[in-house]
Amino acid sequence: MTKTAGITWGAASARRLDRQFLAISARTGTPIADVAGTMLGVHAQVLSAAELSVGLRTDGVTRADVRSSLWPTGTPSAPPPSLVKTHGPRGTVHLLPARDLPMWCAALPAVADGPGSLPSDVRLTREQAEQVVTAIGDALDGAFLTIDELGEEVVARTGPWAGDLVMPAFQTMWPRWRQALHRAGQSGALSFGPNRGRKVTYTRPPHFTPMRPEEALRLLVRRYLHAYGPATAQHFARWLAAPPGWARSLYDRLADAGEIEQVDFGGTPAWVMTDDTVFPDASEQGALLHGVRLLPYFDAYLIAAQPRESLFPGAAYQRALAGGQAGNFPVLLVDGVAAGVWHQRRRGRRTTVTVEPLGRLMPRQERELAAQVERVGEVLEARAELVVGEVTVGAHV
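Residues numbered from 1 in each chain as written. Predicted model: local features only at pLDDT ≥ 70, side-chain atom pairs only at ≥ 80, totals over all residues. Heavy atoms only, no water.

Undergrad: Let's hear about the sheet that holds strand β5 (residues 93-97): which residues, and what values?
TA: Sheet strands pair via backbone hydrogen bonds, and the direction of the pair is either parallel or antiparallel. If you walk across this open sheet you meet the three strands as β3-β5-β4, and the pairing is antiparallel. Both outer strands of the open sheet, β3 (42-43) and β4 (83-87), are each paired with one neighbouring strand and no more. Looking at chain direction, β3 and β5 are connected through two bridges and run antiparallel. The partner of Val42 across the bridge, within β5, is Leu95. (Pairing = 2+ DSSP bridges. Helix = DSSP H or I, 4+ residues; strand = E, 2+ residues; numbered from the N terminus.)

Undergrad: Outline helix α4 (residues 63-70), supporting the account with residue identities and numerical values.
TA: Inspection of α4 places Val66, Ser69 and Leu70 among the buried residues, and these make up the whole buried set. One side of α4 carries all its buried residues, which in axial view fall inside an arc of 100°. (Buried < 20%, exposed > 50% of the residue type's maximum accessible area, 1.4 Å probe, protein only. Arc of directions from axis to C-beta.)

Undergrad: Account for unusual backbone geometry, naming residues and giving values.
TA: Going from Gly229 to Pro230, the amide bond is cis rather than trans, its omega being 0°. As for its placement among the helices and strands, Pro230 is situated in the loop between α9 (213-228) and α10 (233-240). A cis amide bond, omega 0°, links Gln306 with the succeeding residue Pro307. Its place among the elements puts Pro307 in the loop between α13 (300-304) and α14 (308-311).

This is the structure:
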């Protein structure tokens, strides 16, 4: 390891892969919450993808282990979960360690809002949004409710205005209160419970005391740079879906306080933590970058690692991204960069994993790919079959 003034893509990528348990998997017995925390949340819009994100980083973990971390027995009287499924960065559904909620639920509400997209006669006022978030938390405390049951409780606790059907959604209209659903999750008033049949349920996560917003934002930047640095304020804003100017101001305050320092990252100014400036040297990078890895839809590494043009070089930028947006395709990584796409289709106890490399794989890489596919099957508790060929499934939206 060396401390350098100029950081290459190879050095940054090797350190990120190492810290993400993608160079060397977490050992059997490593708490799932530790892995999720290192990733800064596991994107869980598609739960099977979240299970793969965790399982492919952790020896021996299966989807059942991830679900038992979320819902130990599936009842309100169960022991507290170590993972919480809720609205995290970008307002999207994530698995977050329960112990990290004091940070997340102070930092996320403190992120500056962008321009609103709803007409003024549809939008909740700030006061109405606060009423709705409070009502959601009170209704879900010790209960598992479907969206319709939760809506009845919210309207009863606030007023008829909350139930006005004013939000166009999926060829129907949603009630006004649902604008605050993601904010309730980001504030710690709501999380997802286990499904009731085919219906999603919601509950309230374990009670906690939020950090002070400024301290939470400071900690979030530090953890982001530890996992994905060097990074610019614009990279941070893109990852968090925050206004770039707000992110620059936050970084400026941390730089003035001596928390972060600027470095040369491939010819571009970027930031690292002042006390975390050591990167793998040339002799160490090969071992950390070397290898074949499969990353599922919306994997945290695909979303956060920047610059995107370096992670998705050449043909990968067109094939493995959707209009420059990462995460919409599962990605084949070869020696630290995107080198193809893949898709898995499950039928009963079997799953077919189709992998489309963008170049020729060497025999060693073919063996590593086969091992990765076998691991996909283990995580999903299915027998996996590898097919090398064209992936005909389009981008996930």
